[in-house]
Amino acid sequence: MKALSSIYTWADERLGLDDLLHFAQKKRVPEHAHSAWYYWGGISLFFFLVQAITGVLLLIYYRPGPDAFESTRQITYEIHFGWLIRSAHSWAANLMIAAIFVHMFSVFFMKAYRKPREFGWWSGMVLLLVTMVFGFSGYLLPMNELAFFATKVGLDIPNSLPVIGHKIATLVRGGPEVNEFTVQRFFALHVVVLPALFIPLLGFHLWLVQKHGNAVPPAEEAKPPAQRKSIPFFPNFMMKDLAMWLIALNVLALLASMFPWDLGAPADSLKPAPTGIHPEWYFMSSFQVLKLFGQWFPGAAGEALGMILFTLGLVMWFLIPLYDPSGKSGQRARWATYFGLFALSILLVTTIWAYAALN
Ligand code: HEM
């Protein structure tokens, strides 16, 4: 114990560890009926760390380009525990996106986007978009049949944007077809460009949380200060966060080992697309909106209209801190809550509808 304490003193004299400890202890986390929602940002962070670690392990054997499928086959069937790492990476990607959605809606309904947390909201939205592009680009990398056709279908989403849509889709594909050039591009995006955007943005997001602390929901804010309870972040809340991480790890371990991620057949552009091909679940809502508009208003105009409406909705969602600013509890605040409920319902209904329409 004495040895540990002298090592700490030695390091503290050189690195100023005590200052860091005081900084962490200064932040307090509010305790109230809705405190459980504060865990979801941390859970998203946990899955991101899993992605970084398993992603680097996959990089040891994965080869993009013409060898994409063969190297993924080796990882899945020949490399010791390769299947588990690949399965954990695929499951954690989905769990991360699900956790971010829960985090975003809970932050929304707690009105944590209000002054001074606007940049937390905006940086979070960009993190979500980057994470969805991570998912989309990663999905193609094994170059199996499912990934190939799902990417083709997925690229119909930007393709339906008027004027620039076709150019974007061709640029992303690296030509008119999805092939090994697309894999090479997606690989560069997935392991270089997106992490280079994501990591500094995440640092900014977390720094803002440290700076402003956690927001309390309006009902709690209305209480007199003496009735509001809080606990120190370090070590009290951090221990609870870590307990959540342990639960998240268990869920991931169970899913990855009991339902190993499938590989399937190699992509073959000459074969017809299997029936019911569709993008990943988090794109199903926009996929369904496009499909519906295409049916209601036949021709390219229908899909373009759907895409424009979807983009407008996203822009309104992004700008919510400007419509519902701090300290307001009247009409506007109520409309913001209705907008959130409407957005959540549209997402759920169109996603379920999209899956039901496949059968
Ligand atoms: C990779 C994605 C993300 C990670 C790792 C992440 C991480 C975190 C963490 C650890 C916190 C502090 C704990 C908490 O309140 O849950 C937090 C808070 C926050 N996040 Fe995120 N976040 C992500 C995405 C998002 C998204 C998509 C949004 C909304 C569009 C968002 C908006 C916010 C806001 C406004 C806060 C402050 C909440 C408060 O004051 O109570 N974040 N985030």
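Just so it is clear, the model here is predicted, and its values are computed rather than measured. (Residues numbered from 1 in each chain as written. Predicted model: local features only at pLDDT ≥ 70, side-chain atom pairs only at ≥ 80, totals over all residues. Heavy atoms only, no water.)

Details of the overall build of the protein chain
Moving on, step 1. When helices and strands are counted, the protein chain shows 16 helices and two strands.
Moving on, step 2. In terms of overall dimensions, the protein chain is globule-like: its C-alpha atoms have a radius of gyration of 23 Å, near the 21 Å expected for 359 residues.
Moving on, step 3. When the 359 residues of the protein chain are sorted by exposure, 41% land in the buried category.
Moving on, step 4. Both charge centroids of the protein chain, one from 26 positive and one from 21 negative side chains, sit 11 Å from each other. (Helix = DSSP H or I, 4+ residues; strand = E, 2+ residues; numbered from the N terminus. Rg over C-alpha atoms; globule rule 2.2 N^0.38 Å. Buried < 20%, exposed > 50% of the residue type's maximum accessible area, 1.4 Å probe, protein only. Lys, Arg positive; Asp, Glu negative; His and termini not counted. Charge placed at Lys NZ, Arg CZ, Asp CG, Glu CD.)

Notes on the packing of helix H5 (residues 82-109) against helix H16 (residues 331-358)
Geometrically, a packed helix pair is captured by the angle between its two axes and the distance between the axes.
Moving on, step 1. At a minimum axis separation of 10 Å, H5 and H16 run at an interaxial angle of 160 degrees. Relative to H16, the element H5 is oriented roughly antiparallel. Crossing of H5 over H16 shows left-handed handedness. Across the interface between the two elements, Phe101, Phe105, Phe108 and Phe109 from H5 touch Ala336, Thr337, Gly340, Leu341, Leu344 and Leu347 from H16.
Moving on, step 2. Classifying every residue of the contact of H5 with H16 gives eight nonpolar, two polar and no charged. (Axes fitted to C-alpha atoms, helices over the stretch in contact; angles between N-to-C directions. Parallel < 35°, antiparallel > 145°, perpendicular 65-115°, else oblique. Left-handed = near helix turned anticlockwise from the far one by under 90°. Contact = heavy atoms within 4.5 Å. Nonpolar A, V, L, I, M, F, W, Y, C, P; charged D, E, K, R; others polar.)

Considering helix H9 (residues 165-173)
Moving on, step 1. Of the residues making up H9, those classed as buried are Gly165, Ala169 and Arg173. Along the long axis of H9, the arc covered by the buried residues comes to 60 degrees, so they all point the same way. Away from its buried face by more than 90 degrees, H9 exposes Lys167 and Leu171.
Moving on, step 2. On the buried face of H9, the contacting elements are helix H8 (156-159) and helix H10 (180-212).
Moving on, step 3. Looking at the residues trailing H9, positive phi occurs at Gly174, about 80 degrees. (Arc of directions from axis to C-beta.)

A word on the site of the ligand
Moving on, step 1. Lining the immediate surroundings of the ligand are 26 residues, of which His103, Gly124, His205, Asn214 and Ala215 lie closest.
Moving on, step 2. Contact between the ligand and Tyr38: an oxygen atom at 3.0 Å from a main-chain N or O atom of the residue.
Moving on, step 3. His103 has a polar side-chain atom sitting 2.8 Å from a nitrogen atom of the ligand.
Moving on, step 4. Top element by residues in the shell around the ligand is helix H6 (residues 118-140). It accounts for six residues.
Moving on, step 5. Of the residues belonging to the shell around the ligand, the class tally is 16 nonpolar, nine polar and one charged. (Near = heavy atom within 4 Å. Polar contact = N/O pair within 3.5 Å; in protein donor to acceptor, adjacent residues only side chain to side chain.)

Points about the packing of aromatic side chains
Moving on, step 1. By the definition in use, this model includes 29 aromatic pairs.
Moving on, step 2. Plain terms: the ring middles of Phe134 and Phe198 are 5.9 Å apart, the flat faces sit at 75 degrees to each other, and that makes the pair edge-to-face. One end of the pair, Phe134, is in helix H6; the other, Phe198, is in helix H10, and 64 residues separate them in sequence. For the pair formed by Phe134 and Phe198, the shared burial category is buried.
Moving on, step 3. Note on Trp335 and Tyr338: the rings are 5.6 Å apart at their centroids and 90 degrees apart in plane angle, and the pair reads as edge-to-face. Separated by three residues within a single helix, Trp335 and Tyr338 lie in helix H16, roughly one turn from each other.
Moving on, step 4. An aromatic cluster of three or more residues is present, and its members are Phe105, Phe108, Phe109, Tyr113, Trp121, Trp317 and Phe339.
Moving on, step 5. Note that Lys27 overlies the ring of Phe233, its terminal NZ or CZ placed 4.5 Å from the centroid. (Phe/Tyr/Trp six-rings, centres within 6.5 Å; stacked < 30°, edge-to-face > 60°. Lys NZ or Arg CZ within 6 Å of the ring centre and 35° of its normal.)

Some points on the side chain of Ser35
Moving on, step 1. Inspection of the secondary structure puts Ser35 in the loop between strand S1 (28-31) and helix H3 (39-59).
Moving on, step 2. Judged by relative accessible area, which is 13%, Ser35 ranks as buried.
Moving on, step 3. In this structure the side chain of Ser35 is engaged in a polar contact, spanning 3.3 Å, whose partner is the backbone oxygen of Pro30.

Some thoughts on the side chain of Glu145
Moving on, step 1. Its location among the elements puts Glu145 in helix H7 (residues 145-154).
Moving on, step 2. Discounting chain neighbours no more than four positions away, the residues touching Glu145 are Ala265, Pro266, Ala267, Lys271 and Pro274.

Here's the deal with empty space enclosed by the protein
Moving on, step 1. In the structure shown here, the tally under the stated rule is one cavity of 30 Å³ or more.
Moving on, step 2. In this structure, the largest cavity occupies an estimated 40 Å³ of space.
Moving on, step 3. Forming the walls of the largest cavity are Phe136, Tyr139, Ala150, Thr151, Pro279, Glu280 and Phe283. (1 Å grid on protein atoms, 1.4 Å probe; cavity = no way out; pocket = protein on both sides within 12 Å on 5 of 7 lines; lining within 4 Å. Points joined across faces, edges and corners; volume = space filled by probe spheres on them.)

Quick notes on the layout of surface pockets
Moving on, step 1. The computed volume of the largest pocket comes to approximately 1700 Å³.
Moving on, step 2. Looking at the lining of the largest pocket, the elements with two or more residues in it are H5, H6, H8, H9, H10, helix H13 (284-296), helix H14 (300-318) and H16.
Moving on, step 3. Per element, the largest residue contribution to the lining of the largest pocket is nine residues, and it comes from H16.
Moving on, step 4. Among the residues forming the lining of the largest pocket, the class breakdown is 40 nonpolar, eight polar and no charged.

Things to note about a nonpolar patch on the surface
Moving on, step 1. A grouping of Trp296, Phe297, Leu305, Ile308, Leu309, Leu312, Val349 and Trp353 is seen on the molecular surface, where their side chains present a nonpolar patch of about 770 Å² in accessible area.
Moving on, step 2. When contributions to the nonpolar patch are tallied by element, the ones reaching two or more residues are H14 and H16.
Moving on, step 3. The element that contributes the greatest number of residues to the nonpolar patch is H14, accounting for four residues.
Moving on, step 4. When you line up the elements, Leu309 lands in helix H14. (Patch = residues over 30% accessible without salt bridge, like charges linked within 9 Å, V, L, I, M, F, W, Y side chains within 5 Å. Areas by Shrake-Rupley, 256 points an atom, 1.4 Å probe, with all protein chains shown as cover. Salt bridge = Lys/Arg side-chain N within 4 Å of Asp/Glu carboxyl O.)

Purely geometric numbers; function is a separate question.
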